[in-house]
Amino acid sequence: MARKSLTLDDLHVVEKEENIPLKRRLSFGNQPLNEQEVRSPGVVKFLLGRADGSNIFADCTTVKSTSSLNDCHRRICITEVAPSHSSFIGLDKEEDWKLSINEFSSKRHGKSSRKLPKRIRTFYKHQDEVITAFEDIHFGVDDAMEHAEEEEEKRKKANILAKVSLAANVCLLGAKLVAAILSGSISIISSLVDSVVDLSSGIVIAVTERAMRKRDLYEYPEGRTKLEPIAIVVLSVIMSLASVQLIVESAEKIVELATGKEGHPDVNVVTIVIVCSTVAVKIVLFLVCRRVRTPSVDALTRDHRNDILSNIIAIVFGYIGSKNMYEQYKVSELVYLDPVGAILISLYILFGWWSTGYGQIKMLTGHTAKPDFLQKLTWICVNHHPKLRYLDTVRAFHFGVNFLVEVDIVLPEDMTLKEAHNIGEPLQRKLECLPEVERAFVHLDYEFEHRPSDEHKQVFRHCKSADMESIQRAIREELQKNRKFVKTMEDFSTMKTNEERVRFAWSLSVVQKHIHLEEYDNRKNSEESCQIRIKGNQFFQKKNYAKSLKLYTASVLKAPVTSMNCFDRSEPNTDTRDVDLANAYANRSAALFHLDDYVACLWNAELAFQFGYPKENHYKLHDRQGKCHRKLNDFTKAQQSFQKAVESLEFSNLDEKKRQHFTQNLQRLIEEIRCEDCSEDPEKELEGSSRAVNRFHSNVPQIDKNSQNPVFLSASSVIGLRESDEMGRGLMASADIKVGEVVAVEKPFASVNLCEREQEYCSHCCRRVNSPVPCQQCCDVAFCSLQCHEEGWAEYHRDECKIIRHVQNMKSKLGHLGLRIVMKAGFANLMQERSNFCADDVSESLGFTKNGHYDSEDYHALYTLVNHGDKRTPEDLFDKAVQTVYLLKCLELTSFFKGGLVGQEEDARCYIGGHILRQIQMLPCNAHEISEIHWKPGDPTVTNTTEIGSGAYALLSLINHSCDPSVVRHSYGNVCVVRAIKPIKKGEEILDNYGALYPLSVRAERRAKLRPSYFFDCNCEACQLDLPLYFDIPTDTPVFKCGECAGPIFIVPDKHLADSECSSCHRRQDLTQTVKELQDSTNKYHVALERVLSEVDIQAALQVLLNHLDFLMTHISIPWRDINNCQEAIKQCFATLANSYILP
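Since the structure is predicted, the reported quantities are computational estimates derived from the model, not experimental observations. (Residues numbered from 1 in each chain as written. Predicted model: local features only at pLDDT ≥ 70, side-chain atom pairs only at ≥ 80, totals over all residues. Heavy atoms only, no water.)

Undergrad: Lay out a nonpolar patch on the surface in plain terms, naming residues and giving numbers.
TA: Among the surface-exposed residues, Val 178, Leu 182 and Val 270 lie close enough to one another that they form a single nonpolar patch of about 220 Å² accessible area. For Leu 182, a relative accessible area of 38% translates into the label partly exposed. (Patch = residues over 30% accessible without salt bridge, like charges linked within 9 Å, V, L, I, M, F, W, Y side chains within 5 Å. Areas by Shrake-Rupley, 256 points an atom, 1.4 Å probe, with all protein chains shown as cover. Salt bridge = Lys/Arg side-chain N within 4 Å of Asp/Glu carboxyl O. Buried < 20%, exposed > 50% of the residue type's maximum accessible area, 1.4 Å probe, protein only.)

Structure (structure tokens):
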């Protein structure tokens, strides 16, 4: 809430009470509260109003008072009402600084007229109670000694009443037992059970009272006052369970009575006398207990009240359903009233004790104090000392029965410690004199600009930093509360360059306040790694190899790596410092072997050796490697591995007998391999040889060197650049392009995974990892191979490793990608090339290297991509500048800025921030999704595409959008392969799709989807023709395409195909052969489609689909549903060749 300085006459409070929608202003007299102006000083309005927290000013209006400020010299500033963040500012005269009690007493309303509404009378009654409380404090009625004596007196009375109640319950229990036996009434039995529980409650409360009196300063420094509410909660649970049991038994009783198995109860005179005597005793105890107000006695009071009602119901219903009533009136149905009475008693007890327990649970869990108690605390603080300048916060919450109170006061900055202590400690004692206060804490400060809650641990906030959206929202809200948002946006909009915008955002105190990052320790832990591995062993023994594999992988990622050189692939590392990692790799190789992934098993075994796998266990790995090589039909290596296993047995811990047995088995395997090696057909396909570690796609298509584009190094020679005022830069076909032809194969400058996918996919190349390689220092990312690890470490992860959790906490994949782009570009390179990045308004025709190449690995190509900074609102740019500040703070925790000039740190920081901000603006309209298809052969209904991450592709960003694209993209890891999805003639523009296809949404929806990110209204051919949605696309009769002008040729039912006419050029054409070819091609298409769905020779079926689509695009005009179906089938085939995961 915005801070607001108010005079006494300006402050106005709206009364807001729970469950009462009517909003009332404070007023005095006999007029309705919501109709009379408030003329009392503002502080009176504040302290007498029952405001509820931060909503105090939600509907308030300023009321000009006719009274003079000479009556009180105090000014007040309220930021929020307690318990959140309240500030009173005092600039008082020394001789007249306290609030006048007479001014409050004069507002006492007294007895309200019956003519006023009940809610209004209730409000006045409460207001008078608040005034009385202020008068008691002012005139010393609540003196500390008096409270102590009063509390001690209450304790004694509570102890006596607990003992008396206990004795009475014992006696009454015996009497009721006799009555229950004599009568056999279920109602009286339910009352007996109630008495048993009463006795238990009396014992529990007595024990509680005794325990609370015995305080141990060392074991329980604050006493054991929470025992009271705990005891009451226990009692409520016992009572509730007993009531439920009685309800069940009563229901069974009704069933037995209905079937004639039970007779009428006998409620005679003796029974009636016993129960009536019980009622009389309970009435006396109820009247006595209600005069003592403590939680434990309150529980006894409610218990006695329940007993009175339950016994009355028991005797009434029991007698009506008894044998006497039946004999007198001969109404058999009356017998059901006895168990019905028992049910009513049980329900009453159940709901009564549930309500009691719920109230005590709120106390135990720290529920906030009511507004009237907060007003009382505020009065004490305001009138405490003349040098108290600000009352910043008043907060109270339950600590058991009583309250913990927190008060933040502001004293003069130049005040001595002694004087400040002599003001703070007496205030603490004053507050603790209140009987409701268990302990008070007074915090002394010299300023009130910060929120007191910032000084303490936030129990509602995770220890990790907040996500970026939350940070941006918090900054905007605080600026709005302080009425600075509009001015800040006006000032920010004057910033013309990204560097200036970053500098401005960095300079704001509110931004610095909400973005605070600290270094964190590496989470790798040897003990945790071992525990996870042991758990994996348990699943391995149960032959759950898939589950054990996941656990072994988690163990690998968690295991510490002590040496940077352990990833060298030269000599095996025999240092056992990384034995935990080596053991995890070895165990993972065992799981992979049983999952028939022999290549991955071999690879993990080699890694186990490199990381120092214990020498006494080497024979196990060599034996496993030999079996893998044998499965892969590599008999030479299998024989070598088995021979190494035999040699390694010398260092094993096996006893002599087991060693001999193991040696014999190995020798037998070696002999078997020699025989297999001789008889094996060398032309036979190796079992499993096509499987590679962490490989979930086919070979990445490559552009032949002879077909490589001389300018665009990631593209084929069939494309070129075109520029236009309407579309900007784009790619065009420099030669005819066939359906399915590869147009470009581009590796991104940088890519990132979604944070929730970090350990499922390689952090460097985005390939799915079944057997990941960990980072040396963190366990937040995974790599698919040593090569990816080494490349990622060299390019960005060396620094990113230290801040990866901060970056992931942003929950902004494009922010992460922007940071990674700048990190890969490198601080030294960016500073060296600063003159080439001097202006934000870079011509879009730039981005080529000095050699005239458009290289996807060159940072300049990304830097010059359009970012629409001139079209973005100041608010949007400000949010992105805040995100940039966050990322800069992340970089400051690393060695990224190492090597910068001393004294120019701020300049370098803002310059790098300008690059990050530019990338953050550029990526929403230029980054491309990296995805993976999840599918199940033979069941296309479960096929879905899942996003893995995003990549920055300089070449792909030059391809413009169409709602009916001519190319389609597929990801192989993070390598993007672009293929033609329709024939593209020379000179036509190559068009991609930005996520808005015409068969899936109407034109208005597509344009609305594209406009926020890409800042244009699509005017492609599909939008111009306003092509229909998928289910509205024609399927009956195709419209053929003219061979001369490509105009439409409509088939007329009564007209011969040989005499067809083009509607555009009116040329007559013979379509007989074309229709016949269409039928043949369609038949082949359906057969191929079935093969695709059945996963039978997809490659051969794909060629049929491509031929069919080429025929359709050549001879049939759109829209025609078979064209869309064929395109989707081809996309599906290509998708299964790219990143794909076959569902189990």
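There is more to say, and it comes next.
Undergrad: Any details on unusual backbone geometry? Residues and values, ideally.
TA: For the peptide bond that leads from Ile 1118 to Pro 1119, omega is 5°, which places it in the cis range. Along the chain, Pro 1119 falls in the loop between helix H34 (1098-1115) and helix H35 (1121-1137). The phi dihedral of Asn 633 is positive, around 65°, even though this residue is not glycine. Inspection of the secondary structure puts Asn 633 in the loop between helix H21 (618-631) and helix H22 (635-648). The exposure class of Asn 633 is buried, given its relative accessible area of 16%. Here the phi dihedral of His 868 falls at roughly 60°; this positive angle occurs in a residue that is not glycine. The residue His 868 is located in the loop between helix H28 (859-863) and helix H29 (874-892) in this model. Judged by its relative accessible area of 11%, His 868 is buried. (Helix = DSSP H or I, 4+ residues; strand = E, 2+ residues; numbered from the N terminus.)

Undergrad: Before we move on, could you go through the pattern of salt bridges and cite the residues and values that matter?
TA: On inspection of all chains with the given rule, the structure shows 34 salt bridges. For Arg 503, the salt bridge identified is with Glu 906, shortest N-O distance 3.8 Å. You can see Arg 503 sitting in helix H15 (residues 498-507) and its partner Glu 906 sitting in helix H30 (residues 905-926), a full 403 residues away along the chain. Of the residues examined, Arg 503 reaches a relative accessible area of 33% and is grouped as partly exposed. Note that Asp 907 is salt-bridged to Arg 834, the shortest N-O span being 2.9 Å. Pair noted here: Asp 907 is in helix H30 and Arg 834 is in the loop between helix H27 (827-832) and H28, with a separation of 73 residues, a long-range link. On the accessibility criterion, Asp 907 (27% relative accessible area) is partly exposed. With relative accessibility at 25%, the residue Arg 834 sits in the partly exposed group. Linked by salt bridges that have partners in common, Glu 499, Arg 503, Arg 834, Glu 906 and Asp 907 make up one network.

Undergrad: Give me H21: which residues, what numbers.
TA: Over its 14 residues, H21 extends 20 Å from the first C-alpha to the last, a length consistent with the 20 Å expected when each residue adds 1.5 Å. Of all the 14 residues making up H21, 10 are buried; the element is thus mostly covered by neighbouring parts of the structure. For H21, the complete set of buried residues consists of His 618, Tyr 619, Leu 621, His 622, Asp 623, Arg 624, Gln 625, Gly 626, Cys 628 and His 629. Once H21 ends, the next one or two residues include Asn 633, with phi positive near 65°. (Expected span 1.5 Å × (residues − 1).)

Undergrad: I'd like a description of the environment of Val 977, backed by residues and values.
TA: Inspection of the secondary structure assignment puts Val 977 in strand E18 (residues 975-980). Taking relative accessible area as the criterion, Val 977 reaches 0% and is therefore assigned buried. Separated by 234 residues in sequence, Val 977 and Val 743 place their C-alpha atoms 7.8 Å apart. Those residues within four positions of Val 977 in sequence are excluded, and the remaining contacts are Val 700, Pro 701, Val 742, Ala 744, Val 745, Val 968, Arg 969, His 970 and Tyr 972. (Contact = heavy atoms within 4.5 Å.)

Undergrad: Go over the packing of helix H18 (residues 545-558) against helix H19 (residues 579-594), please, and point to the residues and values.
TA: For the pair H18 and H19, interaxial distance at closest approach is 9 Å and the crossing angle is 160°. On the basis of their axis angle, the class for H18 and H19 is roughly antiparallel. Considering how the two elements wind past one another, H18 and H19 form a crossing that is left-handed. Here Tyr 545, Ser 548, Leu 549, Tyr 552, Thr 553, Ser 555 and Val 556 of H18 come into contact with H19, specifically with Leu 581, Ala 584, Tyr 585, Asn 587, Arg 588, Ala 591, Leu 592 and His 594. Looking at the contact of H18 with H19, its residues break down into 9 nonpolar, 5 polar and 1 charged. (Axes fitted to C-alpha atoms, helices over the stretch in contact; angles between N-to-C directions. Parallel < 35°, antiparallel > 145°, perpendicular 65-115°, else oblique. Left-handed = near helix turned anticlockwise from the far one by under 90°. Nonpolar A, V, L, I, M, F, W, Y, C, P; charged D, E, K, R; others polar.)

Undergrad: Provide a residue-level description of helix H12 (residues 417-433), including the pertinent values.
TA: Along its 17 residues, H12 runs 24 Å from first to last C-alpha, staying within 8% of the 24 Å computed at 1.5 Å per residue. Burial in H12 covers these residues: Ala 420, Ile 423, Gly 424, Leu 427 and Leu 431. End-on view of H12: buried residues confined to an arc of 90°, all on one side of the axis. Opposite the buried face of H12, by more than 90 degrees, sit the exposed residues Lys 418 and Arg 429. (Arc of directions from axis to C-beta.)

Undergrad: Talk me through the side chain of Asn 993; I want residue IDs and the actual numbers.
TA: Position of Asn 993 among the secondary structure elements: in the loop between strand E19 (991-992) and helix H31 (1003-1014). On the basis of relative accessible area, Asn 993 is assigned to the buried category, the value being 11%. Looking at Asn 993, its side chain comes within polar contact range of the main-chain nitrogen of Gly 995, at 2.8 Å. Residues contacting Asn 993, with those up to four places away along its chain left out, are His 961, Ser 962, Cys 963, Pro 965 and Arg 969. (Polar contact = N/O pair within 3.5 Å; in protein donor to acceptor, adjacent residues only side chain to side chain.)

Undergrad: Describe the pairing of strand E10 (residues 742-746), naming the residues involved and giving the relevant values.
TA: Most of E10 is tucked away, with 4 of its 5 residues classed as buried. As paired strands, E10 and E18 are joined by 4 bridges and run antiparallel to one another. Each residue of the ladder has a partner; that of Ala 744, found in E18, is Val 978. (Pairing = 2+ DSSP bridges.)

Undergrad: Can you break down the packing of aromatic side chains residue by residue, with the values?
TA: Taken as a whole, this structure holds 19 aromatic pairs when the rule is applied. Both rings, one in Trp 354 and one in Tyr 358, keep their centres 5.6 Å apart while their planes meet at 5°; by these two values the pair is stacked. Of this pair, Trp 354 and Tyr 358 both sit in helix H10 (residues 337-364), separated by 4 residues, roughly a single helical turn. Using a relative accessible area of 56% as the deciding quantity, one classes Trp 354 as exposed. Judged by its relative accessible area of 47%, Tyr 358 is partly exposed. Within the aromatic cluster, the residues linked to one another by ring pairs are Phe 492, Phe 504 and Phe 878. Here Lys 547 stacks its cationic end above the ring of Phe 539, 5.8 Å away from the centre of that ring. One residue, Arg 1121, lies across the ring of Tyr 1030, its end atom 4.9 Å from the ring centre. (Phe/Tyr/Trp six-rings, centres within 6.5 Å; stacked < 30°, edge-to-face > 60°. Lys NZ or Arg CZ within 6 Å of the ring centre and 35° of its normal.)

Undergrad: Describe the environment of Gln 808, with residues and values.
TA: One can find Gln 808 in helix H25 (residues 804-809). Once the C-alpha coordinates of Gln 808 and Glu 758 are considered, the two residues, 50 residues apart in sequence, prove to be 9.5 Å apart. Apart from residues no more than four positions distant in its own chain, Gln 808 is found in contact with Cys 755, Glu 758 and Asp 780.

Undergrad: Can you break down the packing of helix H26 (residues 813-825) against H29 residue by residue, with the values?
TA: The description of two packed helices rests on the angle between their axes and on the distance between the axes. Interhelical geometry of H26 versus H29 gives an angle of 50° and a closest axis separation of 11 Å. By the criterion of interaxial angle, the relationship of H26 to H29 is oblique. When you trace H26 past H29, the crossing you get is right-handed. Note on element contacts: H29 touches H26 through Gln 883, Leu 887 and Leu 891, opposite Gly 815, Leu 819 and Met 823. Per-class residue counts for the contact of H26 with H29 are 4 nonpolar, 2 polar and no charged.

Undergrad: Would you mind going over the sheet that holds strand E5 (residues 390-399) in detail, with residue names and values included?
TA: The strands making up a sheet associate through hydrogen bonds between their backbones, and the pairing can be parallel or antiparallel. With respect to topology, 3 strands assemble into an open sheet ordered E5-E6-E7, the strand pairing being mixed. Strands with a single pairing partner mark the edges of an open sheet, and in this sheet they are E5 and strand E7 (437-445). Each strand of the sheet is rotated relative to its neighbour by a mean of 15°, with strand direction disregarded. Pairing analysis gives 8 bridges linking strand E6 (residues 402-410) to E7, with the strands arranged parallel. If you follow Ile 409 over to E7, its bridge partner there is Leu 444. On top of the sheet, helix H11 (residues 371-382) reaches E5, E6 and E7; it is set at about 140° to E5, its chief contact. Lying over the sheet, H12 contacts E6 and E7, oriented at roughly 160° with respect to E7.

Undergrad: Give me the pairing of strand E17 (residues 967-972): which residues, what numbers.
TA: Side-chain direction in a regular strand flips from residue to residue, so the side chains alternate between the two faces of the sheet. When you tally the buried positions in E17, you get 5 out of 6 residues, the bulk of the element. Both E17 and E18 contribute to a ladder of 6 bridges, which runs antiparallel. By the bridge assignment, Val 967 is partnered in E18 with Ala 980.

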